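Okay, here's what each chain looks like letter by letter:
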Amino acid sequence: MNELNPRPAHDAALAERSRKFGVSEGDDGIVRCDACPVLCRIRPGRSGACSRYANENGLLVRTDPVVLLAEAVTEGQHVVPFAENAEDWDGSVLAPERVFVTGIGSGTTYPDYKPAPFIVSSQHEGVDTVTVVTEGIFSYCGVKVKIDTDRHLGPETAAVRANGEQVGHVTTAEYGSQMLSLGGVRHLTGGSKKEGNATCEAMLKLSNGEAVELTIDGGHGVVVQAGQAPIVDGKPETRMRVGCGSATIGIFAKQWQGHVDEVIVVDDHITGVLTEHQAGRVLDMRPAGIRVRGRKSTPGRYFQVAEPGMGWGGTDITEPLSIIQKIDPAVAWPGMRLLMTSTTGEDSLYCVLDENLLPVEAEMPAVVRQVVERIGENCEPSLCTVTFVAGAGGSLRAGVTENPVLLTRSVQSGATRVTMGGAPVYVWPGGGITVMVDVLRMPKNAFGYVPTPALVAPIEFTLSRELYLASGGHADEIVPVEEVLRAHGGQARIEGGAADNPWPLRRDAL
Amino acid sequence: MKSHRVARLSGNRLHLQEGPSDLVIAAFGGPSQTERAYAAAEDAFDGLLAELTGELRMLRQPLAAQPPALTGATARRMARACWAFRAQYITPMAAVAGAVADTVMAAMIAAAPRLERAYVNNGGDIAILVTPGHPLDIGVVPSLARARPEGFIRLHAAPHAAQHFRGIATSGWRGRSFSRGIADAVTVLARSAAEADAAATVIANATDVQDGAVLRRPAQELDPDSDLRHLPVTVDVGPLSPKAITAALNSGARTAEALLRDGLIEGALLSVADEWRSVGESSFALVRPTDTAP
């Protein structure tokens, strides 16, 4: 066990910070640390075996640096590297009015009957604001994963597994994207210990921007990583579909006119047939007499032409001609030019009907190929996005104010701004404080976990001092941001705010 | 779920951390061997701390006439490494950091038999693998207060050995564990990191002098669960006379030479107040790079 490094200024800061933590035990001021299985009993003024937790005046403190988000003075200003080499920092980069203290590394006061680790006040545009900074332990949390692909990943409601344990399920598909809902209290703590741990690990990795391999019951394997293309059964996806088959017909009908006599756009949702489609009729195209399989929705639009799969347009089709049910000899004619394509342009086939009205593959004319390629050009790159969803409505609020419902109400009304690691969140309407955040807008490695298992995530509440005090805020705990900088600036990790994030202390909101 | 942290550091090193175990690992010998070794390291590390804490009570008992009935592989490594020193007060905890490094290294070697060289550095206690033609340079930190390498040791594989597995460990009163002596740093080369760890502890304890400038306190006053119980441990060393420094180094060197004769260590470097003493094979000598200020 170590003596704390004798750094007087920092020791004072540590002591100040430690006061906010609630863990303590026994006589002689000994603290039992339960951060790891060693369960060190730490005497006052000393750190545990890991040097990461210490006992300051009978209270357990974390010695990890807190993350300060610095408003970049000039655009593109890079992250100031930090951590151990505190002496490299000249301190001049951080002007108090340009600094936002994030919850990362601030520690938590779970179960939150003590004031949150940092209640920081700063002047912004002449208005006195208060930011309450804490790390919340989120038992109720999950991630929603949006996977831009039409490929069938697995049936809706199917179990999604990581390391063989169910960590979530396939949920309602969105336009061009498959959606997974992972985590949640039932997988975290409602099942076996193994299930809970697998869930926690998958969520932690996804939230921290790492890749996770998932399998879907009755479906496929997919590697998901925020901001990266999904890898389905080992093959990276490249394109989102331009639209459903019907939409594709609508967009490109005019460009095909005169160059082909019929176009079939194969899609798992709606397969489009140009001459039957409203778009073909408007262009006065001659009916081609080709009937595709599936259930007709409206003219030229067909549901369920095939099973979902890894083939053309998210169907199981690899032989596109197989979706043609019949060709009407009274309507079709020899020499008819038929184009079949998927909704991403990745698969296409050009045929000409022979004298027996059978489609025979032919070389695709350049002008037709150009339109197929344009479908591809109009596809957006296929990405995975990870949105962290959590409820901050519980005891966490007690660390912020003595009258938690007032905090809930001021968040709901928009008077209190909520950020996570400085990133903007969406606050769900209705009761409680349920928030969603794009994990890529948060600083790196913003998430942690506790063995419960539950995730630990930073959360900040920013409001005017007046409103804070009116909401029963911990008035005595407010410290000026200058003081936090003085105390922690030399130890903190300092990052520039993400370029596309609004500054957490938005002027017009205050 | 894994309860530890896993990260890749620059230079494709692997960082594994849980509680006091803080491992920086590097393996060389082609990407597939490296990745295999890293996967094995992660596997071996998973649950290792929990396994150790399960036997913590017994591991904190001083070794006596009978070897303790430990079950975990790492716990047994610890006891085995300390067994030779049981004539004095020692508990298996003296080798904990080195034994963790050895366990992880053993798993890496088993999974990736064609590694050219590798190290597992657990907070300064290092398991090392070298092969002929692939030596490894280990930086030596003579002062834990300054905490920067001020020289290095180049380790070569023995000419006859296809793979040469060894360990280096450093102990001192400013380090992570308590020391009963006044050595700033005692760095030991031995057959394994656990043996080096135990021997460094023993030599650092012996590097001592009775002097008013040395402040000691019973270990349990500092850490209520310390395996050293009420034994006095060094908490501060004031300015020492040259005579006291020499006396402490002589005492430590005598112990190191005895361990060398018994085949328990291959070499040792002792440092007290910027004075140096080297014991053992010539290859285990500190090279001070000319471009580095001491």
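Some thoughts on the overall build of chain A
Phase 1 of the analysis: Helices and strands together make up the secondary structure of chain A, namely nine helices and 34 strands.
Phase 2 of the analysis: Going through the 510 residues of chain A one by one, you find that 49% of them count as buried.
Phase 3 of the analysis: Partitioning the contacts of chain A with sequence separation of at least 6, the portion at a separation of at least 24 is 67%.

Topic: the overall build of chain B
Phase 1 of the analysis: Within chain B, the regular secondary structure consists of eight helices and 13 strands.
Phase 2 of the analysis: Counting over 294 residues, chain B shows a buried share of 50%.
Phase 3 of the analysis: For chain B, restricting intrachain contacts to residue pairs at least 6 apart in sequence, the fraction spanning at least 24 positions comes to 59%.

Regarding helix H6 (residues 193–206) of chain B
Phase 1 of the analysis: Along its 14 residues, H6 of chain B runs 20 Å from first to last C-alpha, staying within 8% of the 20 Å computed at 1.5 Å per residue.
Phase 2 of the analysis: Among the 14 residues that make up H6 of chain B, 14 are buried, leaving the element largely enclosed by the rest of the structure.

Structural notes on the sheet that holds strand S25 (residues 359–361) of chain A
Residues and elements named next belong to chain A.
Phase 1 of the analysis: Taken together, seven strands build an open sheet; the order of strands is S20-S21-S18-S17-S23-S24-S25 and the sheet is mixed. Two strands in the sheet have a free side with no partner beyond their single neighbour: strand S20 (295–296) and S25.
Phase 2 of the analysis: One ladder, built from three bridges, connects strand S18 (residues 270–273) with strand S21 (residues 301–303); its direction is antiparallel. Across the sheet, residue Gly272 finds its bridge partner in S21, namely Arg301.
Phase 3 of the analysis: Helix H4 (residues 245–256) contacts strand S17 (262–266), S18 and S21 of the sheet and is inclined by roughly 25° relative to S18.

So, the pairing of strand S27 (residues 417–420) of chain A
Moving residue by residue along a regular strand, the side chains alternate between the two faces of the sheet.
All names here are of chain A.
Phase 1 of the analysis: Burial of S27 is two-sided: the residues Arg417 and Thr419 facing one way and the residues Val418 and Met420 facing the other way are all buried.
Phase 2 of the analysis: Direction of pairing for S27 relative to strand S32 (residues 454–464): antiparallel, over a ladder of three bridges. For Thr419, the partnering residue across the bridge sits in S32 and is Glu460.
Phase 3 of the analysis: Note that S27 and strand S28 (residues 423–424) share two bridges and pair antiparallel. Each residue of the ladder has a partner; that of Thr419, found in S28, is Pro424.
Phase 4 of the analysis: Between S27 and S28, which follow one another and run antiparallel, lie two residues, and Gly421 among them has a positive phi close to 60°.

Topic: the nonpolar core
Phase 1 of the analysis: In this structure, Ala41, Val104, Met108, Val188, Ala199 and Ile203 of chain B are the most contacted members of the largest nonpolar core, which totals 98 residues.
Phase 2 of the analysis: Among all residues touching Val188 of chain B, those that are not within four sequence positions of it are Ile168, Ala169, Ala196, Ala199, Ala200, Ile203, Ile265 and Ala268 of chain B.
Phase 3 of the analysis: Formed by 61 residues, the second largest nonpolar core is a distinct cluster that contains Ile137, Leu204, Met420 and Met442 of chain A.

Quick notes on unusual backbone geometry
Phase 1 of the analysis: For Gln304 of chain A, which is not glycine, the phi dihedral falls at a positive 50°.
Phase 2 of the analysis: Within the element layout of this structure, Gln304 of chain A appears in the loop between S21 and strand S22 (324–327).
Phase 3 of the analysis: In this structure, Arg229 of chain B is a non-glycine residue whose phi angle is positive, near 50°.
Phase 4 of the analysis: Tracing the sequence through the fold places Arg229 of chain B in the loop between helix H7 (219–222) and strand S11 (232–237).

Description of the confidence of the model for chain B
Residue and element names in this part refer to chain B.
Phase 1 of the analysis: Here chain B averages 87 in pLDDT, and 91% of its residues register 70 or above.
Phase 2 of the analysis: In the model, residues 289–294 has pLDDT below 50 throughout and makes four contacts with residues more than four positions away in sequence or in other chains.
Phase 3 of the analysis: The ipTM value of the predicted complex is 0.78, and its pTM value is 0.51.

Observations concerning the interface of chain A and chain B
Phase 1 of the analysis: In this assembly, 17 residues from chain A lie in contact with 14 residues from chain B.
Phase 2 of the analysis: Residue contributions to the side of chain A that touches chain B peak at four residues, all from helix H3 (residues 193–207) of chain A.
Phase 3 of the analysis: In the side of chain A that touches chain B, the residues fall into 11 nonpolar, two polar and four charged.

Focus: the sheet that holds strand S14 (residues 221–224) of chain A
Residues and elements named next belong to chain A.
Phase 1 of the analysis: Spatial strand order, S16-S15-S14-S13-S10-S11-S12-S9-S26-S30-S29: 11 strands in an open sheet with antiparallel pairing. Each edge of the open sheet carries a strand with a single partner, namely strand S16 (235–236) and strand S29 (426–427).
Phase 2 of the analysis: Relative to strand S30 (residues 434–438), strand S26 (residues 384–391) is paired through five bridges, and the arrangement is antiparallel. Along S30, the bridge assignment pairs Thr387 with Asp438.

Focus on the environment of Asp267 of chain A
Residues and elements named next belong to chain A.
Phase 1 of the analysis: Among the structural elements, Asp267 can be located in the loop between S17 and S18.
Phase 2 of the analysis: Residue Asp267 is classed as buried on the basis of its C-beta count, with 30 C-beta atoms lying within 10 Å.
Phase 3 of the analysis: With 77 residues separating them along the chain, Asp267 and Thr344 place their C-alpha atoms 9.5 Å apart.
Phase 4 of the analysis: With near-sequence residues (within four places) excluded, Asp267 lies in contact with Cys244, Gly245, Gly313, Gly314 and Thr343.

Here's the deal with the environment of Gly250 of chain A
Residue and element names in this part refer to chain A.
Phase 1 of the analysis: One can find Gly250 in helix H4.
Phase 2 of the analysis: According to the C-beta neighbour criterion, Gly250 is buried, with 20 such atoms within 10 Å.
Phase 3 of the analysis: Distance from Gly250 to Gly280, taken between C-alpha atoms, is 8.5 Å for residues 30 residues apart in sequence.

A few points about H4 of chain A
Residue and element names in this part refer to chain A.
Phase 1 of the analysis: Of all 12 residues that make up H4, nine are buried, and the element is covered over most of its length.
Phase 2 of the analysis: Within H4, the full set of buried residues consists of Gly245, Ser246, Ala247, Thr248, Ile249, Gly250, Phe252, Ala253 and Trp256.
Phase 3 of the analysis: Of the surrounding secondary structure, the elements contacted by the buried residues of H4 are S17, S18, helix H5 (278–282), S21 and helix H6 (366–377).
Phase 4 of the analysis: Two residues or fewer past H4, Gly258 is found with a positive phi of approximately 90°.

Rules behind the numbers
Residues numbered from 1 in each chain as written. Chains lettered and ligands numbered in written order. Predicted model: local features only at pLDDT ≥ 70, side-chain atom pairs only at ≥ 80, totals over all residues. Helix = DSSP H or I, 4+ residues; strand = E, 2+ residues; numbered from the N terminus. Buried ≥ 20, exposed ≤ 12 C-beta atoms within 10 Å, placed from the backbone. Contact = placed C-beta atoms within 7 Å. Expected span 1.5 Å × (residues − 1). Pairing = 2+ DSSP bridges. Axes fitted to C-alpha atoms, helices over the stretch in contact; angles between N-to-C directions. Core = buried A, V, L, I, M, F, W, Y, C linked by C-beta atoms within 7 Å. pLDDT = per-residue confidence, 0-100. Nonpolar A, V, L, I, M, F, W, Y, C, P; charged D, E, K, R; others polar.

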